[in-house]
Amino acid sequence: QAQLVESGGGLVEAGGSLRLSCTASEPNNGNYVIGWFRQTPGKEHEFVAAISGSGTTTKYSDSVKGRFTISRDDAKMTVFLEMNDLKPDDTAVYHCGMTWGRTTIPEDHRLWTGWGQGAQVTVSS
């Protein structure tokens, strides 16, 4: 099973942009859905976005739809999360995970695995 490593977090002012990367330890070969979740202290993991193994299907939470874009570069074994028009409520630790073998993309983080150490995103007002 591949392991994932996140990078690209940082501090940005409201309205700014950041790009997160999720790099796998082995090729996907179209098998895994890769997703991003975020967590703040005392709260459950919140689904953010996901992309299918083929890259043809994407899913976003209502809170980020229209502002965030998920994409993948299989040659680099990397999934990107482009975050625009960031808001203070987007402040969180962002994790990427993988899932497979399902007909729909789940939003329950317990159905995902391969979590990396996370990337801190802080948006100042």
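One can find the structure itself at the top, above this paragraph.
Since the structure is predicted, the reported quantities are computational estimates derived from the model, not experimental observations.

Colleague: Looking at this structure, how should I read the overall build of the chain?
Modeller: Within the chain, the regular secondary structure consists of zero helices and ten strands. Along the chain, helices and strands appear, N-terminal first, in the series β-β-β-β-β-β-β-β-β-β. A compact globule built from 125 residues should have a C-alpha radius of gyration of about 14 Å, and the chain, at 13 Å, falls within 12% of that. In terms of overall dimensions, the chain has a C-alpha envelope of 40 × 30 × 25 Å along the principal axes. Split into buried and exposed, the 125 residues of the chain put 45% on the buried side. For the chain, restricting intrachain contacts to residue pairs at least 6 apart in sequence, the fraction spanning at least 24 positions comes to 57%. Approximately 6400 Å² of the chain is accessible, and the part contributed by carbon and sulfur atoms is 48%. Taken together, the 11 basic and 14 acidic charged side chains of the chain have centroids lying 3 Å from each other.

Colleague: Mind showing me how you'd approach the sheet that holds strand β2 (residues 10-13) here?
Modeller: Sheets are built from strands paired through backbone hydrogen bonds, the pairs being either parallel or antiparallel. Ordered by their spatial adjacency, six strands build an open sheet running β2-β10-β9-β4-β5-β6, and the pairing between neighbours is mixed. Unpaired on one side and paired on the other, β2 and β6 (58-60) mark the two borders of the sheet. In this sheet, adjacent strand axes meet at a mean angle of 25 degrees when their direction is disregarded. Bridge analysis of strand β9 (residues 92-99) against strand β10 (residues 119-124) gives three bridges, and the strand direction is antiparallel. When the sheet's bridge partners are listed, A92 is paired in β10 with V121.

Colleague: Explain the sheet that holds strand β8 (residues 78-83) here, please?
Modeller: Strand order across the open sheet formed by four strands is β1-β3-β8-β7, with antiparallel pairing between neighbours. The open sheet terminates on both sides in strands that have one partner only, identified here as β1 (4-7) and β7 (68-73). Each neighbouring strand pair of the sheet contributes to a mean axis angle of 15 degrees, computed without reference to strand direction. Taken together, the six bridges between β7 and β8 define a ladder with antiparallel strand orientation. Among the inter-strand pairings, S71 is bridged to a residue of β8, identified as F80.

Colleague: I tried to follow the side chain of D90 on my own but got confused; where do I start?
Modeller: Tracing the backbone shows D90 in the loop between β8 and β9. Leaving out residues up to four positions away in the same chain, D90 has contacts with R38, R67, F68, D85, V121 and V123.

Colleague: Explain the state of the cysteines here, please?
Modeller: The term disulfide refers to a covalent linkage connecting the sulfur atoms of a pair of cysteines. As enumerated under the stated definition, the model contains one disulfide in all. With its sulfur 2.1 Å from that of its partner, C22 forms a disulfide with C96. Disulfide C22 to C96: torsion about the S-S bond roughly 85 degrees, handedness right-handed. Residue C22 is located in strand β3 (residues 18-24), and its partner C96 is located in strand β9; the two are separated by 74 residues in the primary sequence.

What counts and what doesn't
- Residues numbered from 1 in each chain as written.
- Predicted model: local features only at pLDDT ≥ 70, side-chain atom pairs only at ≥ 80, totals over all residues.
- Heavy atoms only, no water.
- Helix = DSSP H or I, 4+ residues; strand = E, 2+ residues; numbered from the N terminus.
- Rg over C-alpha atoms; globule rule 2.2 N^0.38 Å.
- Buried < 20%, exposed > 50% of the residue type's maximum accessible area, 1.4 Å probe, protein only.
- Contact = heavy atoms within 4.5 Å.
- Areas by Shrake-Rupley, 256 points an atom, 1.4 Å probe, with all protein chains shown as cover.
- Lys, Arg positive; Asp, Glu negative; His and termini not counted.
- Charge placed at Lys NZ, Arg CZ, Asp CG, Glu CD.
- Pairing = 2+ DSSP bridges.
- Axes fitted to C-alpha atoms, helices over the stretch in contact; angles between N-to-C directions.
- Disulfide = S-S within 2.5 Å.

All quantities given are derived from atomic positions and should not be read as evidence of function.
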